[in-house]
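# Coordinate analysis (summary)
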Amino acid sequence: MKITDWTIEDSRARGCKRWGVYPEHMADLTVAEMDLPVAEPILDAVQRAVGNQAFGYPIPDGNSALPDLCSRWLAGQGVPVPPGQVRLISDIIKGLTNAIRYFTVPGTPVAVITPTYSRFLDAVVAAERVTYQVPMTKFADRYELDLDALESALKNGAGSLILCNPVNPTGHVFTVDELSSISALAERYRVRVFADEVHAPIRYGRPFTPYSSVGPRAAEHSITLTSVSKAWNTPGLRCALIVFTNEADNRTWDRIPRAAKGGISPLGMVATDAALTGGGPWLEEAVEYLRGNRDAMIEALDVNGLGHIMIPADATYLGWWDLREFGLADPAGFLREEASVATTPGEEHGAAGAGFVRLNFATPRDVLIDAVERVAAALRPRTSTVFDVGHDLTSR
Ligand SMILES: Cc1ncc(COP(=O)(O)O)c(C=O)c1O
């Protein structure tokens, strides 16, 4: 099926969370799954596996082709790592929770650069730790790492840092300078860095530098988490990668109780293999389609005098709208009530997200543009008030 032929009815028929939560009149732009058909090579491979009743426990990583395949994939992204140091885990958040629990000094707080993926904050709680939120600085056209805020968190005793690169929800791709500065601070304060790079394959031209590649020290003190599940739309199949760019960490991982590491699905392994061997052409097409959606959304916002609320995402299929100027107590609630558009509340992404909403633009373009129009109509009475009082919209 062509990417552009997919409809919301197709998504509903999946019976998954996406389009399975809200009543029919609501445009659901929440959960990060794509309204796109899965790549044919993945679908074929998973269908074959279903035909073979591959419903047992997964074979050990090392007996599958995946470590080799993943090692080659990662090397292509600038992470040279031997196959034996790429391990499978059911999902990134479980990998991250284990990383906090087993690779940091017990009890140490976890620094998290915000806004960030909400489940990172949950992972810290699950690991029975405290989060130090490190907000990025927002300019009119970009986000930037606040090195002073980061240093202050590390100086105050954080034992680790969670880095999301590219960033869910802002679409920011960290620069080499930013990553090198993080690495220098991590060395100075002897903290571990856990880098989630799952969104890296979905970028719109901005070069991506894996954290572990900025220098030998970064490789030593970091652990990388990724999977094919975001880029190839298979999050329900439960197979992710935890990548050890330090051999000693690999050995530590082997000592972690199996109870903390289970849950990988054989179907997820099959999907990962198929994505990495045959999913390239589909991904290229999908990224072009998503770029078109991003640009169409920005144009529609612009036409409605709202172009300034979104910094164009350099990666991911997530929009991050700054609605602070409208003075709404609950922006996501307002959009649900007044525009029938469901978005993710910004504060779920950390305190720095208050007044923002996140939305998923991997949805049919007409649905997306209709949602933007509905939001613009709901905000219009408030927009004119804002213009009347002469707020400077460029300084945010
Ligand atoms: C940055 C990031 N990491 C991880 C995940 C979820 O991954 P998993 O389902 O493998 O835990 C998401 C999902 O949206 C995400 O955006």
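Before any of the text, the structure's been laid out above.
Parameters and conventions
- Residues numbered from 1 in each chain as written.
- Predicted model: local features only at pLDDT ≥ 70, side-chain atom pairs only at ≥ 80, totals over all residues.
- Heavy atoms only, no water.
- Helix = DSSP H or I, 4+ residues; strand = E, 2+ residues; numbered from the N terminus.
- Buried < 20%, exposed > 50% of the residue type's maximum accessible area, 1.4 Å probe, protein only.
- Contact = heavy atoms within 4.5 Å.
- Phe/Tyr/Trp six-rings, centres within 6.5 Å; stacked < 30°, edge-to-face > 60°.
- Lys NZ or Arg CZ within 6 Å of the ring centre and 35° of its normal.
- Salt bridge = Lys/Arg side-chain N within 4 Å of Asp/Glu carboxyl O.
- Core = buried A, V, L, I, M, F, W, Y, C linked by side-chain atoms within 4.5 Å.
- Domains from an automatic or database assignment.

### A word on the environment of Leu359
Within the fold, Leu359 resides in strand 14 (residues 356-360). Classification of Leu359 as buried rests on a relative accessible area of 0%. Once the C-alpha coordinates of Leu359 and Gly346 are considered, the two residues, 13 residues apart in sequence, prove to be 9.7 Å apart. What Leu359 contacts, discounting residues up to four positions off in sequence, is Leu29, Met297, Tyr317, Leu318, Gly319, Trp321, Thr343 and Leu368.

### Some thoughts on the packing of aromatic side chains
The description of an aromatic ring pair rests on the distance of the ring centres and on the angle between the ring planes. Taken as a whole and judged by the stated rule, the model has five aromatic pairs. Taken together, a centroid distance of 5.4 Å and an interplanar angle of 85 degrees make the contact between Tyr117 and Phe120 edge-to-face. Relative accessible area serves as the criterion here: at 26%, Tyr117 is assigned to the partly exposed category. One aromatic cluster is present, built from ring pairs that chain together Phe103, Phe244 and Trp253. Lying across the ring of Phe139, Arg142 places its NZ or CZ 4.2 Å from the centre.

### Details of the pattern of salt bridges
For the structure on display, the rule yields 17 salt bridges. A salt bridge links Asp35 to Arg18; the shortest N-O distance between them is 2.9 Å. Of the two residues, Asp35 is situated in the loop between strand 1 (27-28) and helix 2 (40-51) and Arg18 in the loop between helix 1 (8-13) and strand 1; the sequence distance between them amounts to 17 residues. Exposure remark for Asp35: the relative accessible area of 2% places this residue in the buried category. Across the pair Glu151 and Arg188 runs a salt bridge whose closest N-O atoms are separated by 3.2 Å. Residue Glu151 is found in helix 6 (residues 147-155), and its partner Arg188 is found in helix 7 (residues 176-189); the two are separated by 37 residues along the sequence.

### Regarding the nonpolar core
Counting residues in hydrophobic clusters, the biggest one holds 70 residues, and the most contacted among them are Trp232, Trp282, Leu290, Met297, Tyr317 and Trp321. Ranked by residues supplied to this core, first place goes to helix 11 (residues 280-303) with 10 residues. Both of domain 1 (3-31 + 280-389) and domain 2 (43-278) provide at least three residues apiece to this core.

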